[in-house]
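Survey of secondary and tertiary structure
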Amino acid sequence: MQLERIKIQINQSIIINSIDLQINSGEIFVLMGPSGSGKTTLLKGIAGLIPFTSGKLRWEEKHGTTGIVFQEPRLFPHLTVLENIAFGLRVKGIPAKERRNQALDFLKNLQLESLESRYPHQLSGGQQQRVALGRALILKPDLLLLDEPFASLDTSLRQDLIEWLSKLQRRLGFSILWVTHYLDEALSVADRIGIMFEGAIQQIAAPAALFQNPATEKIAQFLSLPNRISRKQWNKWFQSELNLPTTQNRGWIDSNHLQVIDRDCQLRDINKEVSSCIISGIVTKVRPNREGYSIQVTSENNLLDVNTLGWNKIPKLDEKISIIVPFEKIHWYTE
Amino acid sequence: MWRTTKISNQLNKYKGLLGILPALLFMLIFFLGGTLHSLSLSFESKETFSLVLQEEKFWAYKELINVTFLQSIGVTVGIAAAVSVLSGVTGLIASLFLVERSRHWKWLNIIFQAPVGIPHLLSAYLFMQVLMQSGWYSRFAYQIGWIDSIEAFPVLVHDEWGVGVILAYMWKEVPFIILLISPFILKLFSDWREQSIALGGSFSQTVRWVIVPILLPMWVGGMWVVFAFTLGAYEIPALLASTSFGSIPVEAFQEYSQFGLERQPIAIAMNMVLAGISFLVGSILIFLQLRWYNQGRRVW
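Residues numbered from 1 in each chain as written. Chains lettered and ligands numbered in written order. Predicted model: local features only at pLDDT ≥ 70, side-chain atom pairs only at ≥ 80, totals over all residues. Heavy atoms only, no water.

With a probe scaled to a water molecule rolled over the atoms, the places where space remains empty come into view. Residues and elements named next belong to chain B. Of the volumes computed, that of the largest pocket is approximately 680 Å³. Along the wall of the largest pocket there are 23 residues; nearest its centre are Trp224, Ser278, Phe279, Gly282 and Ser283. Taken together, the elements giving at least two residues each to the lining of the largest pocket come down to helix 2 (15–42), helix 9 (203–232) and helix 12 (264–294). A total of 14 residues in the lining of the largest pocket trace back to one element, the largest contributor, which is helix 12. A breakdown of the residues in the lining of the largest pocket according to their chemical character gives 14 nonpolar, 9 polar and no charged. (1 Å grid on protein atoms, 1.4 Å probe; cavity = no way out; pocket = protein on both sides within 12 Å on 5 of 7 lines; lining within 4 Å. Points joined across faces, edges and corners; volume = space filled by probe spheres on them. Helix = DSSP H or I, 4+ residues; strand = E, 2+ residues; numbered from the N terminus. Nonpolar A, V, L, I, M, F, W, Y, C, P; charged D, E, K, R; others polar.)

Quick look at the domain arrangement of chain A now. Residues and elements named next belong to chain A. Segmenting chain A into domains produces domain 1 (2–222) and domain 2 (228–333). Each of domain 1 and domain 2 was reduced to a C-alpha centroid, and the two centroids are 40 Å apart. Facing 8 residues of domain 1, the contacting portion of domain 2 comprises 7 residues. At the boundary of domain 1 with domain 2, total buried surface from both sides reaches about 580 Å², with 52% on carbon and sulfur atoms. When the buried area of domain 1 at its contact with domain 2 is split by residue, Gln212, Pro214 and Glu217 rank highest and sum to 58% of it. (Domains from an automatic or database assignment. Contact = heavy atoms within 4.5 Å. Buried area = accessible area lost by both parts, 1.4 Å probe.)

Residues and elements named next belong to chain A. Reading across the sheet, the 3 strands line up as 2-1-4 and stay open at both edges, with antiparallel pairing between neighbours. Looking along the sheet, the strands with just one partner apiece sit at the ends: strand 2 (13–22) and strand 4 (54–58). Adjacent strand axes in the sheet meet at a mean angle of 25° when their direction is disregarded. Examined bridge by bridge, strand 1 (residues 2–10) and strand 2 share 6 bridges and lie antiparallel to one another. Each bridged residue has a counterpart across the sheet, and for isoleucine 10 the counterpart in strand 2 is serine 13. Helix 1 (residues 39–47) rests against strand 1, strand 2 and strand 4 of the sheet, and its axis sits at about 115° to strand 1. (Pairing = 2+ DSSP bridges. Axes fitted to C-alpha atoms, helices over the stretch in contact; angles between N-to-C directions.)

Turning our eyes to something else, we now look at the side chain of serine 247 of chain B. Residues and elements named next belong to chain B. As for its position among the elements, serine 247 is in the loop between helix 10 (235–240) and helix 11 (248–258). By relative accessible area, which is 9% here, serine 247 ends up buried. In this structure, serine 247 is in contact with Thr76 and Pro237, ignoring residues within four places of it in sequence. (Buried < 20%, exposed > 50% of the residue type's maximum accessible area, 1.4 Å probe, protein only.)

Averaged over every residue, the pLDDT of chain A is 89; residues scoring 70 or more account for 96%. In the model of chain A, helix 11 (residues 263–271) of chain A stands out as the element of lowest mean pLDDT, 56, in contrast to helix 3 (residues 87–91) of chain A, which has the highest, 96. (pLDDT = per-residue confidence, 0-100.)

Let us now look at the environment of proline 249 of chain B. Residues and elements named next belong to chain B. Note on placement: proline 249 falls in helix 11. The exposure class assigned to proline 249 is buried, which follows from its relative accessible area of 5%. With sequence-adjacent residues up to four places away left out, proline 249 is seen in contact with Thr76, Leu231, Gly232, Ala233, Tyr234 and Leu274.

A common way to express how large an interface is: the accessible area buried when the components associate. All names here are of chain B. Taken domain by domain, chain B comprises domain 1 (1–42) and domain 2 (59–294). Inter-centroid distance (C-alpha atoms) of domain 1 to domain 2 is 34 Å. Taken together, both faces of the contact between domain 1 and domain 2 bury some 470 Å²; the carbon and sulfur share is 75%. Considering only the side of domain 1, the residues that lose the most area to domain 2 are Ser38, Leu41 and Ser42, jointly responsible for 84% of the buried surface there. Taken together, the links from domain 1 to domain 2 amount to 0 salt bridges. Taken together, the residues of the side of domain 1 that touches domain 2 sort by class into 2 nonpolar, 3 polar and no charged. (Salt bridge = Lys/Arg side-chain N within 4 Å of Asp/Glu carboxyl O.)

To continue, consider the packing of aromatic side chains. All told, the structure shown has 17 aromatic pairs over all chains when counted by the stated rule. Pairing phenylalanine 327 of chain A with tryptophan 332 of chain A gives two aromatic rings, centres 6.2 Å apart and planes at 40°, and the pair type is tilted. In this structure phenylalanine 327 of chain A comes out as partly exposed when scored by relative accessible area, which is 24%. The class of tryptophan 332 of chain A is buried, set by a relative accessible area of 7%. Look at tyrosine 234 of chain B and phenylalanine 253 of chain B: their rings are 4.5 Å apart centre to centre, the planes differ by 45°, and that puts the pair in the tilted class. In this pair, tyrosine 234 of chain B is assigned in the loop between helix 9 and helix 10 and phenylalanine 253 of chain B in helix 11, connecting sequence segments 19 residues apart. Residue classification places tyrosine 234 of chain B among the partly exposed positions, given a relative accessible area of 30%. Among the aromatic residues, those joined into a cluster by ring pairs are Trp234, Trp237, Phe238, Phe327 and Trp332 of chain A. (Phe/Tyr/Trp six-rings, centres within 6.5 Å; stacked < 30°, edge-to-face > 60°.)

Of the residues lining the interface, 20 residues belong to chain A; the matching set on chain B comes to 21 residues. The contact between chain A and chain B buries some 2000 Å² in all, and 65% of this surface belongs to carbon and sulfur atoms. Contact with chain B buries area across many residues of chain A, yet Pro77, His78 and Val91 of chain A alone supply 30% of it, more than any other trio. Of the charged contacts in the structure, one is a salt bridge between lysine 44 of chain A and glutamate 194 of chain B, with a shortest N-O distance of 3.0 Å. Along the contact surface separating chain A from chain B lie 5 residue pairs in polar contact (both at pLDDT 80 or more). Only helix 3 and helix 5 (125–137) of chain A provide two or more residues apiece to the side of chain A that touches chain B. With 4 residues, helix 3 of chain A is the single largest residue contributor to the side of chain A that touches chain B. Considered class by class, the residues forming the side of chain A that touches chain B number 12 nonpolar, 4 polar and 4 charged. (Polar contact = N/O pair within 3.5 Å; in protein donor to acceptor, adjacent residues only side chain to side chain.)

See the structure below:
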C-alpha cells in the first residue's frame, strides 16, 4: 500500500498533513506518536471510515483490502462469537452454511475452538480481542490496521497476544499497520517504525536505527532516550572539540553505559583512557530497579540517569560521585 | 458507638426500597385497589325474577358473550395492533432518517416531536377538519382539479375501515416512538456504525443486522405501550369512527354514562376484557424478551 500526499481536514482543522508512506507486502509497520498526533485518523482514513481531503491511496495490485481492529473489541453484543466472526462474510453475501464452516475453521487460528456459541460478555478481555482480530482477518485483508489493540489488557496478556499475532502474521503473510504507544510492543514486532507528530510522519526507520539516530530532539524525547546532552556540554566534559559532523549537535547515552567509579582507586587508571571522560556530580535521587539502583546525578545543571549493578552499595542522597562516560556509546543526532 | 443489630441490618438491607415506597404505595392504593374494586363490580350478581327470585352470577360477562362483542374485540384489537405496528415501523424509519439528518436539520426534530404535546381530542378534531369530505384537503383537491366533486374525495372520517382513526393515532404515536427510540439509535450508530462499515456493511445492512436487533426489546416495548394505550383510548374513535364501528372504549363509555347505574358493571366488564388482552400481550412480549436475554444476548 502506498499513500501519496494524504491530507485529512475535519471542520477546518488539518489533522493529517501531506503524508507519504509505503507499506510493503508482509511487513509490520508500527506507527507511534503522542495523543492527538493523528494516528487514529490516518488509520480510519486508510480503512475508508474518514474521507481523504486530498492525496491518493495506491495498492501494489489493482485493489487492496483493509481490516481494522480498535482498542476496544467492539464485538456486536447480540451476536455469538461465530456470528461476530462471520459478520463480514454475511455482508459479502456468502451463504449461511458456507460462512459458518469458514468461521468454524478460522476459530482454530484464533485458538477459540468450543467458544463459538458464547456471547461477547461471556469472554475474557483477551478472548474478545482475538475475536475482534478474527472478525477482521477472516476477510483476508491485504493490510490489517491495528489501533492500539492490546492497550486495555494487562502486561502479560498483552505480551502473549503480541506473540500470538506475530506468529499468525508470519503464517498468513498479511501486512500490518500497527498503532501503539508501548515502546516494548513496537520493538518486539516492528520491521519499521514511523514517528508521527502534528499530523505528519517525522521519521521512518528500523527500530535499531531509530534509537541510534533520532531525527530530532523531539523524537528523542518521545522515545524517552536518557541523558540527552548538548554537544557543547559534551565538549566541555571531554575537554576537547569532538570530531563530529557539525549537524550532530546533541548526544544521548544509555543509563547502563554510565558507570559510577570509586574516585580513590580507579580515577588515575581511567583518566588515561582517551575515549572516556569523568563527570563529577551530586546524587539527587535514588530508586531501586531489577539490577541495582537507578540514580539521578546533577552535574553543571545537567541531569544524568545512571544505573548501578548490584544492591550492596546503596548510593546516598547528596553524595558527591564520579561517573565514567565512554565516548563510543554516545549516539549523536541533530536537535 | 454505632451498634449493628438484626433490625438495623434488615433496615439497611431494604433501605433501597424506601426510595420507591411512595410510588409503590400509589400503585397499590390507586391501581391495585381500583382494579380489585372494578373486578368486584364487574363480577357483581344480579337478582332476576322468573318463577322465583334468583341470583345471576357473572351476568355482565355473560351478556358480553355474543357475536357483536366478539366482533368489537376484533375491531378494537385490530385497530390497536395496526396503530402500534404502523407507528413502530414509521417511527423507526423516521428516527433513522432524523439521526442521519438531524446534524444538519435540527428543526426537523422539533417538527417531529410537536404532536406529542397536542391532546388526543384536539388531534382528532384537527384530522376531522382536514380529512373530512368537506375538509381542507378535499376542497384543495377540488380547487386544483384533482377531483371532479368534493364527494369524490376518499372517505377517511367515519369510514368503514377506520383509516381516519389509524391516521389520527399515528399522528400522535409516531412522535412518541421517535422520542423513545431516537436517542438510542443515535447512541447505537455512534457505537456500531463505524465497526459495521469497517467490515464492509452498508447502511441498510447495519440497520437490519445491528441496530434493529439491539434496539428490538426497547422498540417492541414502545409498540406495546402504543398498543395498550390505543386499546383503551376513547376520544379518537368517538370522533372519527363510524357509529357502527364497534370500538369497545366508545361502547363502554356509552354503557357507563347513558344507560343508568345498572349497566355500569357491563362497562367495567368491557374494560376488564381490554385490560386482560393488554396484560396477555404484555406477558407474551415479556416472556419472549426474557427468552431472548436468557439465550445469553446483551444489548449494551
